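Breakdown of the fold
Chain by chain, the residues run as shown.
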Amino acid sequence: MYARAAAATTAALLGAGALALPSTAAAQTPADAFAAHKSATPLAHKDPTVVAHRGASAYAPENTFAAIDKAAHMGFRWVENDVQRTKDGVLVIVHDDNLKRTTNVERIFPGRSPWKVKDFTAAEIAKLDAGSWFGSRYKGARVPTLTQYMNRVSRNHQSLILEIKKPELYPGIEKDTLSVLRKTGWLDRDHVKNKLVVQSFSADSVKKVHALRSDIKTGFLGTPAAADLPKYAKFADQINSTHTTISKGYVSAIHRLKGAHGKRLEIFTWTVDETAAARRAAGFGVNGIITNKPDVVRKALRD
C-alpha cells in the first residue's frame with residue numbers, strides 16, 4: 001500500500017544514505033576486512049555469538065552505515081538494528097520513536113515538535129544529519145531506509161537481528177518489513193535459515209511475523225516468568241532478555257524448551273558492554289551477547 005510513496009522518495013534517499021568510510025579503511029571493503037579477521041582469529045565454537053548492537057554503536061553513530069561498516073571492519077558477522085515507519089510508509093532504521101536524540105531535526109524542522117518518526121516523510125528524514133551528534137567526523141551521515149540498510153548488510157556479508165520497534169504505532173509494519181526483506185533477497189532459504197532473526201518487545205508483533213512467514217526465526221524481547229516460557233516457545237525461537245534480569249537457572253529453563261521450529265529455545269542477552277558482565281552471561285550459557293562494544297565482549301570471552 002506504500003509502494004507509490006516509497007518509489008517517489010527513492011531518488012532522494014539513494015544519494016543520502018551513504019557515509020564515506022574513514023581513510024584508514026579505504027584500502028579494503030568491510031566484507032574483505034570481515035573475512036580476513038574471521039580467518040585470522042576465529043572464536044571458539046562454544047562461545048556465544050557476539051552481535052553488534054545497532055552496529056558497533058560505541059564507536060560510530062548507531063543504526064548508520066558507519067556503525068555496521070565499523071562492525072564489519074572489526075570482524076563481526078552479526079549486527080542488530082531497529083525499524084520504524086515514516087508518514088508516507090517508508091521503513092527507516094532508527095531506534096527512538098522521535099528523531100531528536102540522534103539527528104538535527106530540531107534545527108532543520110523547528111516547528112514540528114515532538115518530532116516523531118511517523119510524522120515525517122522519508123524525503124524529510126533523508127535531509128537530516130544522523131552523525132554529528134556522535135562526532136564531527138560523522139557529519140552528514142543519514143538515517144538509512146530499510147532497503148538501503150539491507151543492501152549494505154548484504155554487501156558486508158553480515159547477518160542481522162532486526163527489531164520491529166513500537167509496532168503499535170505502525171499497524172501492518174510486520175507485513176511491510178517482510179515485503180522489503182523479500183525484495184532485497186533476504187527471504188530466500190539461505191538467509192532465512194542462517195542469517196536473519198526478527199524480534200520485538202511486542203509478543204503480538206512476533207506472533208504476526210510467525211504467522212506471515214513461519215519459517216523465519218523470531219525472538220521475543222523481554223524476561224517472561226519461567227512458568228510462561230512455554231507460551232512464548234510456540235511462536236518464538238529466542239527469548240532475548242536484558243543481562244541484568246537473567247540467571248543460570250533462567251537460561252537453563254529456556255534451554256529445556258523447544259522453540260517454534262522444534263529446536264532448542266535460545267537466549268541472546270543485551271546490552272553487555274563490560275568484561276565482567278560478558279563473562280557472567282557466557283557462564284550462564286547464553287547463545288548470544290548483544291553489545292555496543294563487540295571487541296570488548298570478544299576479548300572477554302577469549303581471555
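Residues numbered from 1 in each chain as written. Predicted model: local features only at pLDDT ≥ 70, side-chain atom pairs only at ≥ 80, totals over all residues. Heavy atoms only, no water.

1. Things to note about the packing of aromatic side chains
Using the criterion set out here, one finds six aromatic pairs in the structure. Aromatic pair Phe134 and Tyr138: ring centres 5.8 Å apart, planes at 70°, arrangement edge-to-face. Taking the relative accessible area as the measure of exposure, Phe134 reaches 27% and is therefore partly exposed. Accessibility expressed as a relative area gives 7% for Tyr138, which makes it buried. (Phe/Tyr/Trp six-rings, centres within 6.5 Å; stacked < 30°, edge-to-face > 60°. Buried < 20%, exposed > 50% of the residue type's maximum accessible area, 1.4 Å probe, protein only.)

2. Thoughts on the confidence of the model for the protein chain
Note: predicted coordinates in regions of low pLDDT should not be interpreted at a detailed level. Of all residues in the protein chain, 85% have pLDDT values of 70 or greater, and the mean over the chain is 90. Mean pLDDT across the elements of the protein chain bottoms out in helix 1 (residues 3-14) (41) and peaks in strand 3 (residues 91-93) (99). The low-confidence segment residues 1-27 (pLDDT under 50) makes 35 contacts with residues lying over four places distant or belonging to another chain. Contacts from residues 38-45, a stretch scored under 50 in pLDDT, to residues over four places away or in other chains number five contacts. (pLDDT = per-residue confidence, 0-100. Helix = DSSP H or I, 4+ residues; strand = E, 2+ residues; numbered from the N terminus. Contact = heavy atoms within 4.5 Å.)

3. Brief notes about the packing of helix 7 (residues 173-183) against helix 9 (residues 203-212)
Contact pair helix 7 / helix 9: the axes reach a minimum separation of 9 Å and the direction vectors enclose 50°. The angle between helix 7 and helix 9 places the two elements in the oblique class. By crossing handedness, the relation of helix 7 to helix 9 is classed as right-handed. Across from Glu174, Lys175 and Leu178 in helix 7, the residues of helix 9 making contact are Ser205, Lys208, Val209 and Leu212. In terms of residue class, the contact of helix 7 with helix 9 is built from three nonpolar, one polar and three charged. (Axes fitted to C-alpha atoms, helices over the stretch in contact; angles between N-to-C directions. Parallel < 35°, antiparallel > 145°, perpendicular 65-115°, else oblique. Left-handed = near helix turned anticlockwise from the far one by under 90°. Nonpolar A, V, L, I, M, F, W, Y, C, P; charged D, E, K, R; others polar.)

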